[in-house]
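Chains, contacts and geometry: an overview
Residues per chain, in single letters:
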Amino acid sequence: MSRPTEGETYTFERTFTTDEVRRFADLSGDTQPRHTEPDSEGRLLVHGLLTATLPTKIGGDLEMLAHTMDLEFRRPVHTGERIRCEWTHERVEERADDYAVTAGVVCTNETGETVLTASIDGLLRKDG
C-alpha cells in the first residue's frame with residue numbers, strides 16, 4: 001500500500017432503497033414502524049447504523065481495521081435520498097508495521113445538510 005497522508009480524502013455516494021431498509025430491519029431486529037411502514041411520502045426512515053455503512057464501505061476499500069468509531073447522527077435519512085460521504089485522513093502516524101490513522105467523516109444529503117459525522121481511529125497495515 002502507498003503511504004497514507006494527512007488531508008487525503010475519499011468519497012462514496014449512495015441512495016438507500018425501501019428493500020434495503022426492510023432487510024436491515026430484519027437483520028438488526030430493529031423493526032420499528034418508522035423503518036418498515038412508509039410515511040405520507042412513501043419513504044422509510046433509514047436506520048442510523050445503516051447510514052453508517054457509508055464510511056464503513058470506505059474503510060473497507062482502504063482495508064482499515066477500525067478500533068473506535070464515534071458517530072453523531074445529525075439529521076434523519078429517508079429512502080430515495082442521495083447521501084454523500086466524505087472521509088478525510090486527519091492524523092497519520094507511521095509505526096513499524098502499520099499506520100495509525102484518525103479519519104474525520106461527514107455525510108450530507110442532496111441539499112448539503114449534514115446527516116452524520118464521525119471520527120474513526122484505526123490501523124492501515126503496511127503489507128496491505
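Let us look at the structure shown here. (Residues numbered from 1 in each chain as written. Predicted model: local features only at pLDDT ≥ 70, side-chain atom pairs only at ≥ 80, totals over all residues. Heavy atoms only, no water.)

For the protein chain, the helix and strand inventory stands at four helices and five strands. Sequence-ordered secondary structure for the protein chain, helices as α and strands as β, is β-α-α-α-α-β-β-β-β. Projected onto its principal axes, the C-alpha positions of the protein chain cover 55 × 30 × 20 Å. For the protein chain, buried positions account for 38% of its 128 residues. Of the accessible surface of the protein chain, which amounts to about 7200 Å², a share of 47% is contributed by carbon and sulfur atoms. For the protein chain, the separation between the mean place of its 15 positive charges and that of its 25 negative charges on side chains is 1 Å. (Helix = DSSP H or I, 4+ residues; strand = E, 2+ residues; numbered from the N terminus. Buried < 20%, exposed > 50% of the residue type's maximum accessible area, 1.4 Å probe, protein only. Areas by Shrake-Rupley, 256 points an atom, 1.4 Å probe, with all protein chains shown as cover. Lys, Arg positive; Asp, Glu negative; His and termini not counted. Charge placed at Lys NZ, Arg CZ, Asp CG, Glu CD.)

With that settled, the discussion passes to the pairing of strand S4 (residues 98–108). Counting buried positions along S4 gives ten out of eleven residues, so the element sits mostly inside the fold. Summarising the sheet, strand S3 (residues 82–94) and S4 pair through ten bridges and their orientation is antiparallel. Bridge pairing in S4 places threonine 88 opposite glycine 104. Where S3 folds back on S4, the antiparallel hairpin that results is connected by three residues. The pairing of S4 with strand S5 (residues 114–125) spans eleven bridges and is classified as antiparallel. If you follow valine 106 over to S5, its bridge partner there is threonine 117. Counted along the chain from S4 to the antiparallel partner S5, the turn is five residues long, and its residue glycine 112 has a positive phi close to 85°. (Pairing = 2+ DSSP bridges.)

Once that is clear, we can look at the side chain of threonine 108. Tracing the backbone shows threonine 108 in strand S4. Setting aside chain neighbours within four positions, we find threonine 108 in contact with Arg82, Ile83, Arg84, Glu113, Thr114 and Val115. (Contact = heavy atoms within 4.5 Å.)

By size, the foremost hydrophobic cluster in this structure holds 26 residues, and its most contacted members are Trp87, Val105 and Cys107. For this core, the secondary structure elements donating two or more residues are helix H1 (18–28), helix H4 (53–62), S3, S4 and S5. Ignoring anything within four residues of it in the chain, the contact list for cysteine 107 reads Pro55, Ile83, Arg84, Cys85, Glu113, Thr114, Val115 and Leu116. (Core = buried A, V, L, I, M, F, W, Y, C linked by side-chain atoms within 4.5 Å.)

Once that is clear, we can look at the pattern of salt bridges. Throughout the structure, instances matching the rule amount to 15 salt bridges. Between arginine 125 and aspartate 127 there is a salt bridge; the shortest N-O distance is 3.8 Å. Residue arginine 125 is classed as partly exposed on the basis of its relative accessible area, which comes to 38%. (Salt bridge = Lys/Arg side-chain N within 4 Å of Asp/Glu carboxyl O.)

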